[in-house]
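Chain by chain, the residues:
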Amino acid sequence: MTLSTFKNVFFSALFLTISFVGYAQEASGDDNDSKFDAKEMIMHHVKDAHEFHIFDWNGKPVTISLPVILWTDQGLVTFMSSEFHHDDSGTQIVEKDGLRFVKYHEKVYQLDAGTQELVFDAEHHPTNATLPFDVSITRNVFMMWVSVIALLLIFISTAKVYKKSNDKVPTGIAGFIEPLIIFVRDDIARPMIGDKKYKKYMPYLLTIFFFIWINNIFGLIPFLNSANVSGNIAFTVTLAAFTLIITSVSGNKNYWKHIFWMPGVPVPMKIFLMPIEIIGMFVKPISLTIRLFANITAGHIIILSLMSLIFIFETFAIAPVSVGFSLFILIIEIVVTAIQAYIFTILSALYIGMATEEEH
Amino acid sequence: MDLITPGLGLVFWTVITFLFLLIILKKYAWKPILGAVGDREDGIKKALASAENARKEMENLHADNERILKEARAEREALLKEARDIKVKLIDDAKSEAENQANKIIEQAQAAIESEKKAAMAELKNHVAELSIDIAEKVVRAELSSKDKQVQLVESMLGEAKLN
């Protein structure tokens, strides 16, 4: 087994990734295939992709093919991502409904009519293709659904425990889950929102807490972590937007007065504070977005970088160092999974609490 | 730059997935779980409160018992004291009554004796008077049986009674 093959299997099986980089190089018959591009491998892992990579076998990637769904100017076009044959360089053309598609750097391009292949400009940007609106079931969407199924199984079976027992004593899975729910209720919702109003926001807070947490955890489990859901900015920005919407909708008169016409300060100060408060309204969810995205992605990048050292130095001698350090980081990451879910939830609760606070 | 540009496709699916998850979990998980936990907590609170109440009631009951016992004791004391008082009073009353009665009887007796004595004295006087008259009669009769004697007497009497 050469180091290159080992590399493909290693990164696939042990940790995260897409090793088609190596595959593409081998397939193209590149003599210098031992040149390992850590940056590209890492970036490829932390970003989204159209197929769910499991591992490589004999230099060929084994993947779960996921549906590509495109909204083009001629309507909806769907096909399986396997039709690209793992190609990501824009050479494999898929023809559907008279339209031609190529995949380049995990983006599906629609070739302009009459063109046969993708043409790049000097900066490697495609010049003769457009990007249709891509609502494909990417690997992040796929993993998100896996996490949803896991959450439904866990919490519906927890609810069943209470339904079955007459005395409402938590047994089995409920004994494990109940303290977590009580924690969200007594240490997040109650102190941040207040005893009177917290009940209304409990379903939202519980759902984001466990949704983020389980996706963070799945991001650390080999094979499942082929996708990096909670480290994707689209995911975090969506959840932060939910918090912004809930905060704005439940904001009372007092909250809006503090934003637009701060009470208790002179008029020039009121005018000065208004834009700051308006910016603050949006900075809060933006900080939520970036915090979660950056923490999770950074963790993945560190571990992958440490592992890449083996292939950058091209020696097994560095392996103990890599493994030791990444083990250390992984343990920290396990803590981070819970902490980030907690921070996102407690800050959401805090913002909701600020919006619903009564005048004092 | 791809890394920090949110993909709209993923945003779309995240919104749908999250809303789905939120609705399903709210209905089938959070509601029953939070309901059960809340019910149980209420139950525990109620049980604790009723235990506290029971404890207080016990205390009250105990205090009541103490109080009743005390009252009973006090009543007994009072009853005994009353009885003693009554006894003393009865004896005193009886004594004074008896004394009074005795005094009365003695007084009556004395009065009776006095009146008897007076009556006896009166009778005695009467008897003495009658006797004296009888005697005087007999003596006079005897004295005046002869003429000489009668003249003698008148003379002696006249001699005594000097006419001045």
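Residues numbered from 1 in each chain as written. Chains lettered and ligands numbered in written order. Predicted model: local features only at pLDDT ≥ 70, side-chain atom pairs only at ≥ 80, totals over all residues. Heavy atoms only, no water.

Before going further, it helps to examine the overall build of chain A. When helices and strands are counted, chain A shows 10 helices and 9 strands. When the backbone C-alpha atoms are referred to their principal axes, chain A occupies close to 75 × 50 × 40 Å. Looking at chain A as a whole, 49% of its 360 residues qualify as buried. With 25 positive and 32 negative side-chain charges, chain A shows a spacing of 15 Å between the two charge centroids. (Helix = DSSP H or I, 4+ residues; strand = E, 2+ residues; numbered from the N terminus. Buried < 20%, exposed > 50% of the residue type's maximum accessible area, 1.4 Å probe, protein only. Lys, Arg positive; Asp, Glu negative; His and termini not counted. Charge placed at Lys NZ, Arg CZ, Asp CG, Glu CD.)

Size of an interface: often given as the accessible area lost when the parts come together. Taken domain by domain, chain A consists of domain 1 (66–136) and domain 2 (141–356). Between the C-alpha centres of domain 1 of chain A and domain 2 of chain A there is a distance of 34 Å. (Domains from an automatic or database assignment.)

A side chain of one charge can pair with a side chain of the opposite charge if their charged atoms are brought near each other. Residues and elements named next belong to chain A. All chains considered together, the criterion is met by 16 salt bridges over all chains. When the shortest N-O distance is used, the salt bridge between Lys 96 and Glu 83 registers 3.1 Å. Taken together, the residues span a long stretch of sequence, with Lys 96 in strand E5 (residues 94–96) and Glu 83 in the loop between strand E4 (75–80) and E5 at a distance of 13 residues. One salt bridge connects Arg 100 with Glu 95, and the closest N-O pair in it is separated by 3.8 Å. (Salt bridge = Lys/Arg side-chain N within 4 Å of Asp/Glu carboxyl O.)

A separate point is the nonpolar core. Grouped together as the largest cluster of nonpolar side chains are 69 residues, with contacts concentrated most on A:Phe155, A:Ile181, A:Leu205, A:Phe210, A:Phe211, A:Leu239 and B:Trp30. Where this core is concerned, the elements lending two or more residues are helix H4 (139–164), helix H5 (173–193), helix H6 (198–218), helix H7 (233–250), helix H9 (267–313) and helix H10 (319–356) of chain A together with helix H1 (8–143) of chain B. Counting residues per element, this core draws most heavily on H6(A), which supplies 14 residues. The residues that make up this core include at least three from each of domain 1 (66–136) and domain 2 (141–356) of chain A. Look past the residues within four positions of A:Phe155 in its chain and what remains in contact with it is A:Ile177, A:Ile181, A:Phe210, B:Leu25, B:Ala29, B:Trp30 and B:Ile33. (Core = buried A, V, L, I, M, F, W, Y, C linked by side-chain atoms within 4.5 Å. Contact = heavy atoms within 4.5 Å.)

Where nonpolar side chains cluster on the molecular surface, the patch consists of A:Trp71, A:Leu76, A:Phe133, B:Leu8, B:Phe12 and B:Ile16 and spans about 600 Å² of accessible area. The biggest single contributor to the nonpolar patch is H1(B), with 3 residues. (Patch = residues over 30% accessible without salt bridge, like charges linked within 9 Å, V, L, I, M, F, W, Y side chains within 5 Å. Areas by Shrake-Rupley, 256 points an atom, 1.4 Å probe, with all protein chains shown as cover.)

With that out of the way, let us pick up helix H8 (residues 253–260) of chain A. Because an α-helix completes one turn every 3.6 residues, residues spaced three or four positions apart along the sequence face the same direction. All names here are of chain A. Listing the buried residues of H8 in full gives Asn 254, Tyr 255 and Ile 259. Projection of H8 onto a plane perpendicular to its axis shows the buried side chains occupying an angular sector of 140°, all on one side. In this structure, the buried residues of H8 make contact with H7, H9 and H10. (Arc of directions from axis to C-beta.)

Looking now at the sheet that holds E5(A). Residue and element names in this part refer to chain A. The strand order across the open sheet formed by 4 strands is E5-E6-E7-E8, and the pairing between neighbours is antiparallel. Every interior strand has two partners, whereas the edge strands, E5 and strand E8 (129–130), have only one. Pairing of E5 with strand E6 (residues 99–104), which is carried by 3 bridges, proceeds in the antiparallel orientation. Counted as the bridge partner of Glu 95 is Arg 100 from E6. (Pairing = 2+ DSSP bridges.)

This part is about the interface of chain A and chain B. Tallying the contact residues gives 51 residues for chain A and 34 residues for chain B. In this assembly, chain A packs against chain B so that about 3,600 Å² is buried in total across both faces, 82% of it on carbon and sulfur atoms. The largest per-residue losses of area from chain A upon contact with chain B belong to A:Lys168, A:Thr207 and A:Phe242, which jointly make up 13% of the total buried on that side. Note that A:Arg185 and B:Glu41 form a salt bridge whose closest N and O atoms lie 2.7 Å from each other. Here chain A is connected to chain B by 6 residue pairs in polar contact (both at pLDDT 80 or more). Those elements giving two or more residues to the side of chain A that touches chain B turn out to be helix H3 (38–46), strand E9 (133–134), H4, H5, H6, H7 and H9 of chain A. Considering every element that reaches the side of chain A that touches chain B, the biggest residue donor is H4(A), with 13 residues. In terms of residue class, the side of chain A that touches chain B is built from 34 nonpolar, 8 polar and 9 charged. (Buried area = accessible area lost by both parts, 1.4 Å probe. Polar contact = N/O pair within 3.5 Å; in protein donor to acceptor, adjacent residues only side chain to side chain. Nonpolar A, V, L, I, M, F, W, Y, C, P; charged D, E, K, R; others polar.)

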